Amino acid sequence: MKQLLLLSVLFTLFVAGSCEPEPPMPCLGCPAGGEGRLITGPSAATPFELEVPDFMPRPILDESNPMTEEGIALGRRLFYDKIMGRDSAFACADCHRQEKAFTDGLALAVGIDGLESPRSAMSIVNLAFNAEGFNWDGSSEQLWEQAIHPVENMLEMDEDWERVLGRLRDHTDYPERFRAAFGIENTNEITQELAVKAIAQFERTIISADSHFDRYFYLNTEFATEEEQFGADSLFFVENVPVGALHPGCGHCHNRPSFGDNKFKNNGLDDVASLDDFPDKGRGGVTGNRFDNGKFRAPTLRNIALTAPYMHDGRFATLEEVLDHYATGGHGVENEDPNITGFTLDEREKSALLAFLRGLTDETMLTDERYASPF
Ligand code: HEC
Ligand code: HEC
């Protein structure tokens, strides 16, 4: 009886099997058809621990992307290599330049075809401390996921990932580097995920914590000028003191040591009739919540003297214009942050606040060989 049952099961399986064609073996991330080739060379990556000064926050660990020396070295190359863009003609670094604290000096970013993005390129420093999501609106939760988009965005690098991967797999040098970083054995295993993870590992190493401010405030190796001290103590970090007298209080959202809390706020830029009328919905475009419309991430002000023009759409050319904006106290739109209060500054105060802001420039980071092009 048992045997009969088994036989009939086998028979059914056989019949079923003979009707349907064999499905192809799935290979996640593999190119269609490509056989790939074996990669030789070392495959044991060296774990890397990100070191940051004690006065900075602790880096947020990304367990989905452990850092290694080889991963960082690979990511640095990919970041600077035009092979990542269409026709091998555009790199991440074309919009994120080290000497400008990894911004581009433009109001709106300009991509491979000379077309403008709707937003300004962001600085790529101290990303290892940000847990609120990336881009002005936090649209990318993971740093490595962020790097997928510029490659395929037609306003940026306008390339098909499959073609990028094809070039990397056929390259004389990259397969060995991918093997060294991720232990893969075949060029077919070079995937989008590994490429962007390597880039993110490199980006996480870019730490800015050696400005003049750090040296006088935390390290005691330099002195603040009287003007800078006044700018910090009486203006930047001060809110309603004495009671009723309004002060800039920039530190409320741009507090030390990060100088940007990365939270999403409406800092009063747009005079709109209703929450539905913001030209760029910002955070609201991500959450779908009307009350988030017009909110953007409060970014770091470290190296701010180098990253003009300012704001998500580059609307202010200078820091003076930025101060004038905050002094007006916004437009009274209903989701404006209550800490956008308006204030008056005389010439001496303005100059002190600007002197303080300029002290946030970190020459060490700007010239650090480890962040520079490897080519
Ligand atoms: C055409 C110029 C351009 C290119 C090329 C470009 N970016 Fe950007 N980058 C931008 C702009 C604009 C933003 C802001 C995007 C937004 O908010 O929607 C940005 C934002 C970022 C951020 C977010 C930083 C933060 O604090 O949240 C990271 C990280 C980044 N880019 C990395 C890269 C990488 C990696 C590449 C290459 C794969 C790249 N970018 C290529 C213009 C560019
Ligand atoms: C209520 C929180 C808040 C306060 C207070 C505040 N900011 Fe901001 N700041 C933001 C937000 C949010 C952004 C991003 C806005 C955008 O781009 O739409 C921003 C952006 C900036 C930028 C542009 C950064 C860049 O990379 O383009 C500068 C410069 C700046 N703030 C300086 C200041 C100064 C100086 C003060 C004090 C006078 C100040 N902020 C007070 C929230 C605040």
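Computed from a prediction, not measured in an experiment: that's the story for all the values here.

Concerning the coordination of the iron atom of ligand 2
The expected angle between donors at a tetrahedral four-coordinate metal is 109.5 degrees. At an octahedral six-coordinate metal it is 90 or 180 degrees.
1) Next: Taken together, the protein donors to the iron atom of ligand 2 comprise His 254 (NE2) and Tyr 326 (OH), at separations of 1.9 to 2.1 Å.
2) Next: Of note is the iron atom of ligand 2, whose six donor atoms meet at the metal with angles of 85 to 179° in an arrangement that counts as octahedral. Note that His 254 is positioned in the loop between helix 9 (226-236) and strand 1 (264-265) and Tyr 326 in helix 11 (residues 319-328), a separation of 72 residues in sequence.
3) Next: Residue His 254 is classed as buried on the basis of its relative accessible area of 10%.

Topic: the site of ligand 1
1) Next: Taken together, 27 residues lie around ligand 1, and Cys 92, Cys 95, His 96, Asn 135 and Arg 297 are the ones closest in.
2) Next: With respect to ligand 1, the side chain of Arg 119 contributes an N or O atom lying 3.0 Å from an oxygen atom.
3) Next: At a separation of 2.7 Å, an oxygen atom of ligand 1 approaches a polar side-chain atom of Arg 297.
4) Next: Secondary structure elements with two or more residues in the shell around ligand 1: helix 3 (143-146), helix 4 (148-152) and helix 7 (192-205).
5) Next: Across the shell around ligand 1, the residue classes break down as 18 nonpolar, five polar and four charged.

Focus: the nonpolar core
1) Next: The biggest cluster of nonpolar side chains holds 54 residues, and the ones touching the most others in it are Leu 78, Phe 79, Met 84, Phe 102, Trp 161, Leu 168 and Phe 178.
2) Next: Of all the secondary structure elements, the ones that give two or more residues to this core are helix 2 (69-80), helix 3, helix 4, helix 5 (161-170), helix 6 (174-182), helix 7 and helix 13 (363-367).
3) Next: By residue number, the principal contributor to this core is helix 7, which donates seven residues.
4) Next: Formed by 26 residues, the second largest nonpolar core is a distinct cluster that contains Ala 232, Leu 269, Met 311 and Tyr 326.

Remarks on the site of ligand 2
1) Next: The immediate surroundings of ligand 2 are formed by 26 residues, with Cys 250, Cys 253, His 254, His 312 and Tyr 326 found nearest.
2) Next: The side chain of Tyr 326 places a nitrogen or oxygen atom 2.7 Å from a nitrogen atom of ligand 2.
3) Next: Of all elements in the fold, only strand 2 (296-297) and helix 11 reach the threshold of two or more residues within the shell around ligand 2.
4) Next: With four residues, the single largest contributor to the shell around ligand 2 is helix 11.

Describing the packing of aromatic side chains
1) Next: All told, the structure shown has 18 aromatic pairs when counted by the stated rule.
2) Next: Taking 4.2 Å as the distance between ring centres and 5° as the angle between the ring planes, the aromatic pair formed by Phe 55 and Tyr 218 counts as stacked. Within this pair, whereas Phe 55 is found in the loop between helix 1 (2-19) and helix 2, its partner Tyr 218 is found in the loop between helix 8 (212-217) and helix 9, the two being separated by 163 residues in sequence.
3) Next: Given a relative accessible area of 18%, Phe 55 falls into the buried group.
4) Next: The partly exposed category is assigned to Tyr 218, whose relative accessible area is 24%.
5) Next: Ring plane angle 70° and centroid distance 6.2 Å describe the contact between Phe 79 and Phe 102, whose orientation is recorded as edge-to-face. A residue pair is termed long-range when its members are at least 10 positions apart, and Phe 79 in helix 2 and Phe 102 in the loop between helix 2 and helix 3 qualify at 23 residues. Both residues of the pair, Phe 79 and Phe 102, belong to the buried class.
6) Next: Through a chain of ring-to-ring contacts, the aromatic side chains of Phe 55, Phe 213, Tyr 216, Phe 217, Tyr 218, Phe 236, Phe 237, Phe 259 and Phe 356 assemble into a single cluster.
7) Next: It is Arg 256 that lies over the ring of Phe 237; its NZ or CZ is 4.6 Å from the centre.
8) Next: Positioned over the ring face of Phe 264 is Arg 283, at 4.1 Å from the centre of the ring.

Examining the environment of Trp 136
1) Next: Within the secondary structure layout, Trp 136 lies in the loop between helix 2 and helix 3.
2) Next: Judged by its relative accessible area of 11%, Trp 136 falls in the buried class.
3) Next: Expressed as a C-alpha distance, the spacing of Trp 136 and His 312, which sit 176 residues apart in the sequence, is 6.4 Å.
4) Next: Those residues in contact with Trp 136 that sit more than four places away from it in its chain are Arg 119, Ser 120, Met 122, Phe 264, Phe 296, Arg 297, Pro 299, Met 311 and His 312.
5) Next: A distance of 2.9 Å separates a polar side-chain atom of Trp 136 from the backbone oxygen of Ser 120.

Focus: the side chain of Thr 307
1) Next: Within the element layout of this structure, Thr 307 appears in the loop between strand 2 and helix 11.
2) Next: Residue Thr 307 is classed as buried on the basis of its relative accessible area, which comes to 11%.
3) Next: With near-sequence residues (within four places) excluded, Thr 307 lies in contact with Lys 100, Ala 101 and Thr 103.

Quick look at the pattern of salt bridges
1) Next: On inspection of all chains with the given rule, the structure shows 23 salt bridges.
2) Next: The residue Asp 210 makes a salt bridge to Arg 215 at a minimum N-O spacing of 2.9 Å.
3) Next: On the basis of relative accessibility, which here comes to 22%, the residue Asp 210 falls in the partly exposed class.
4) Next: Under the relative-accessibility criterion, Arg 215 is labelled partly exposed at 25%.
5) Next: Between Asp 292 and Lys 295 there is a salt bridge whose closest N-O contact spans 3.7 Å. Per residue, the accessibility class of Asp 292 equals that of Lys 295, and both read buried.
6) Next: Taken together, the salt bridges that share partners define one network made up of Arg 86, Asp 87, Asp 113 and Asp 158.

Cut-offs and rules
- Residues numbered from 1 in each chain as written.
- Chains lettered and ligands numbered in written order.
- Predicted model: local features only at pLDDT ≥ 70, side-chain atom pairs only at ≥ 80, totals over all residues.
- Heavy atoms only, no water.
- Donors = N, O, S within 2.8 Å, 3.2 Å for Na, K, Ca; no water.
- Tetrahedral: all angles 85-135°; square planar, octahedral: opposite > 155°, others 65-115°.
- Helix = DSSP H or I, 4+ residues; strand = E, 2+ residues; numbered from the N terminus.
- Buried < 20%, exposed > 50% of the residue type's maximum accessible area, 1.4 Å probe, protein only.
- Near = heavy atom within 4 Å.
- Polar contact = N/O pair within 3.5 Å; in protein donor to acceptor, adjacent residues only side chain to side chain.
- Nonpolar A, V, L, I, M, F, W, Y, C, P; charged D, E, K, R; others polar.
- Core = buried A, V, L, I, M, F, W, Y, C linked by side-chain atoms within 4.5 Å.
- Phe/Tyr/Trp six-rings, centres within 6.5 Å; stacked < 30°, edge-to-face > 60°.
- Lys NZ or Arg CZ within 6 Å of the ring centre and 35° of its normal.
- Contact = heavy atoms within 4.5 Å.
- Salt bridge = Lys/Arg side-chain N within 4 Å of Asp/Glu carboxyl O.

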